[in-house]
Each structure stands twice: as C-alpha cells, then as structure tokens.
Amino acid sequence: MTMLLVVAMPARLFACPICFQLEQGPVTDGMRAAVFVLIGVTLVVLAGFIRFAIRVARRGEAIARTEPQP
Amino acid sequence: MIPYTIERRPDTGVTNVTMGVWLFLASEVMLFGALFSAYTLLRVSAPQWPHGRELLALGIGMFNTLILLGATTAVWRARQSQRLGPLAIASVLAFVFLALKSVEYTGELARGLRPAVSTFLAMYYTLTGFHAAHVAGGIIANLWIIAGAKRTGAAMTAGRLHAVSLYWTFVDVIWMIVFVLLYLS
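Residues numbered from 1 in each chain as written. Chains lettered and ligands numbered in written order. Predicted model: local features only at pLDDT ≥ 70, side-chain atom pairs only at ≥ 80, totals over all residues.

**Looking at the overall build of chain A**
- The helix and strand inventory of chain A stands at three helices and zero strands.
- The 70 residues of chain A split such that 1% are buried. (Helix = DSSP H or I, 4+ residues; strand = E, 2+ residues; numbered from the N terminus. Buried ≥ 20, exposed ≤ 12 C-beta atoms within 10 Å, placed from the backbone.)

**Describing the overall build of chain B**
- Looking only at helices and strands, chain B has six helices and zero strands in total.
- Secondary structure elements in chain B, listed N-terminal to C-terminal, are α-α-α-α-α-α.
- Classification of the 185 residues of chain B by burial places 28% in the buried group.
- The contacts of chain B with a sequence gap of at least 6 include a subset with a gap of at least 24, amounting to 72%. (Contact = placed C-beta atoms within 7 Å.)

**Comments concerning the environment of His 131 of chain B**
Residues and elements named next belong to chain B.
- Tracing the backbone shows His 131 in helix α5 (residues 119–152).
- For the pair His 131 and Trp 175, spaced 44 residues apart in sequence, the C-alpha to C-alpha distance is 7.1 Å.
- Excluding residues within four positions of it along the chain, His 131 makes contact with Ile 174, Trp 175 and Val 178.

**Considering the nonpolar core**
All names here are of chain B.
- Counting residues in hydrophobic clusters, the biggest one holds 34 residues, and the most contacted among them are Ala 71, Val 75, Ala 90, Leu 93, Phe 97, Val 164 and Leu 182.
- Among the secondary structure elements, those contributing two or more residues to this core are α1 (16–45), α3 (58–81), α4 (85–110), α5 and α6 (154–183).
- If you tally residues by element for this core, the top one is α6, at twelve residues.
- Leave out the neighbours within four places in its chain, and Val 75 touches Leu 87, Ala 90, Val 164, Ser 165 and Trp 168. (Core = buried A, V, L, I, M, F, W, Y, C linked by C-beta atoms within 7 Å.)

**So, unusual backbone geometry**
Residues and elements named next belong to chain B.
- Of note in this structure, Tyr 4 is not a glycine but carries a positive phi near 55°.
- With respect to the helices and strands, the residue Tyr 4 is situated in the segment before α1.
- With phi around 60°, Gln 82 is a residue other than glycine that occupies positive phi space.

**Quick notes on the interface of chain A and chain B**
- Tallying the contact residues gives 17 residues for chain A and 18 residues for chain B.
- For the side of chain A that touches chain B, the class distribution of residues is eleven nonpolar, three polar and three charged. (Nonpolar A, V, L, I, M, F, W, Y, C, P; charged D, E, K, R; others polar.)

**Some points on the confidence of the model for chain A**
- For chain A, the average pLDDT comes to 83, and 79% of its residues sit at 70 or higher.
- Put simply, helix α2 (residues 10–13) of chain A is where chain A has its lowest mean pLDDT, 68, and helix α3 (residues 26–66) of chain A is where it has its highest, 92. (pLDDT = per-residue confidence, 0-100.)

**Quick notes on the packing of α4 of chain B against α5 of chain B**
All names here are of chain B.
- For the pair α4 and α5, interaxial distance at closest approach is 9 Å and the crossing angle is 155°. The angle between α4 and α5 places the two elements in the roughly antiparallel class. α5 is crossed by α4, and the crossing has left-handed handedness. Between α4 and α5, the residues in contact are Leu 87, Ala 88, Ala 90, Ser 91, Ala 94, Phe 95, Phe 97, Leu 98 and Lys 101 and Thr 128, Ala 132, Val 135, Ala 136, Gly 138, Ile 139, Asn 142, Leu 143, Ile 145 and Ile 146, respectively. (Axes fitted to C-alpha atoms, helices over the stretch in contact; angles between N-to-C directions. Parallel < 35°, antiparallel > 145°, perpendicular 65-115°, else oblique. Left-handed = near helix turned anticlockwise from the far one by under 90°.)

**A look at the packing of α1 of chain B against α5 of chain B**
Residues and elements named next belong to chain B.
- Running from N to C, α1 and α5 point in directions that differ by 170°, and their axes come no closer than 11 Å. As judged from the angle between their axes, α1 and α5 are roughly antiparallel. Judged by the sense of rotation from one axis to the other, the crossing of α1 with α5 is left-handed. Judged by residue contacts, Leu 35, Tyr 39 and Leu 42 of α1 engage Thr 119, Met 123, Thr 126, Leu 127 and Phe 130 from α5.

**Quick word on α3 of chain B**
Residues and elements named next belong to chain B.
- An ideal rise of 1.5 Å per residue puts 34 Å on 24 residues; α3 measures up with 34 Å between its terminal C-alpha atoms.
- Within α3, burial applies to Gly 61, Asn 64, Ile 67, Leu 68, Ala 71, Thr 72, Ala 74, Val 75, Ala 78 and Arg 79.
- Here the buried face of α3 lies against α4 and α6.
- Immediately downstream of α3, the backbone of Gln 82 shows phi near 60°, a positive value. (Expected span 1.5 Å × (residues − 1).)

**With respect to the confidence of the model for chain B**
- The share of residues in chain B with pLDDT of 70 or more is 100%, and the mean pLDDT across the chain is 95.
- Interface confidence for the predicted complex, expressed as ipTM, amounts to 0.81; the pTM equals 0.87.

In structure tokens form, the structure reads like this:
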C-alpha cells in the first residue's frame, strides 16, 4: 500500500521543503527557537498534570488505608 | 448540583471549583505558549526587529502594569478578607486598564501603526488583544461573583474568590511577559 502511494502520489508523501533540507539561516533558527519554546511550555503543563496524578494516587491510597475493611 | 463545590474532595485535596480553574489555566498556558512560540519564530527569523520602547507608549504601558498589579492585589485582598468591596475596586481598576489600552491603540492607529505594517505590530496587537480579552473576561467573572453573592452564600463565594484570584494572577503573569517582550525589548 505504501509503495503504491509512493508511486501514485510522491509529492504528498515527501516532507515539505520548509522543514526538509532547508538551508541554515534566520528562518531555521527562528523555527528551532519556536519549537523549543513550545516544547518547554508543553513540558511544564504535562509535568503539572503528572504531579497532580501522583498526588491523587497517593491520597487515594492513604484514604483506602484509613477506611475500615468490610 | 456539581459535587464538592464547597468542601474539598478527599482524593484530590481541592474543591472541584479549584480543580476546574487549574484545568482552565492549563489550557490558557497552552494558548499563550503557542502565541509566544509564534513571537519567537518571527523575532528570531526577522532581519530587523524594532525596539518596542521607541515605538510604543511606554509610559502608558508602565502605568497599566501598576493598574493591573493593583487590581490583582485587590482580588487577593477580597479573597483573604472574604469581602466583595475589594473585588469591586479590582473590577474598576481592570476597566481603567482596558480604557487606557484603547487610548493607546487609538494613538498608535492614528500614527499609522497598524498590524499590517510589520510583524512586530502584528504580534503586538495579537498578544495585547488576547490579553485584553482576558482582562475583560476577568471583569465579567468579578461582576458575576458580586451579583450572585447573596444567592449563593458565603461558602460558595469564598470558592469563587479563590478561583478568580488564581485567574487574575495568571493574567498578571502573562502581562509581565508581554510587557517585557514588547515594551522593554
């Protein structure tokens, strides 16, 4: 199937020239910096979610330990 | 009736109101993160980038910073004292912020500084416009709390004051970043 797509529509499968084999310059520098900013923001938010999930799990375990068993 | 709006959920340790506002703020961080990422792309790749302090009304911007800090301080005061008076003051200060922002926009547009002129100005109007929309949203939230305080009771109002204090702090932090990136660079 992939081979068929390569033969039938090669232009749709190859990376766009903006990202692929682009010469080094201000545009690539800017794109790289922008990606790092976005990754940084995403990681901060994800770290917050993970921290919250761990907190909920620990509190849940603590509650289960204190509750009387049937 | 949504559960745990007043008392804390045992497993999360917070009320659902606080939980909801933190989730909302997380989505807001992603929104502004994308805008700051776009700013970085345009700024780093631009052959020339104007100095905002020379192009924009720095005096109004600095005064607006103080106004916004005052508004957030008033919201925190309302949260700590559980009174609505400081929240009304915060709303008035936030309205002054928007009024000054519109004065600033009018002056800039009169000088021909439209968004289409440069990528700097496009980013300036986008970032400050989004931020101003959040200030307007904060005013609506404040007025909604004041209007519903008698109906909902003290405990529910306390939760709402907690939520808006987090929101206004976020709006302040975003403004600080916007101010440094656009006015002081």
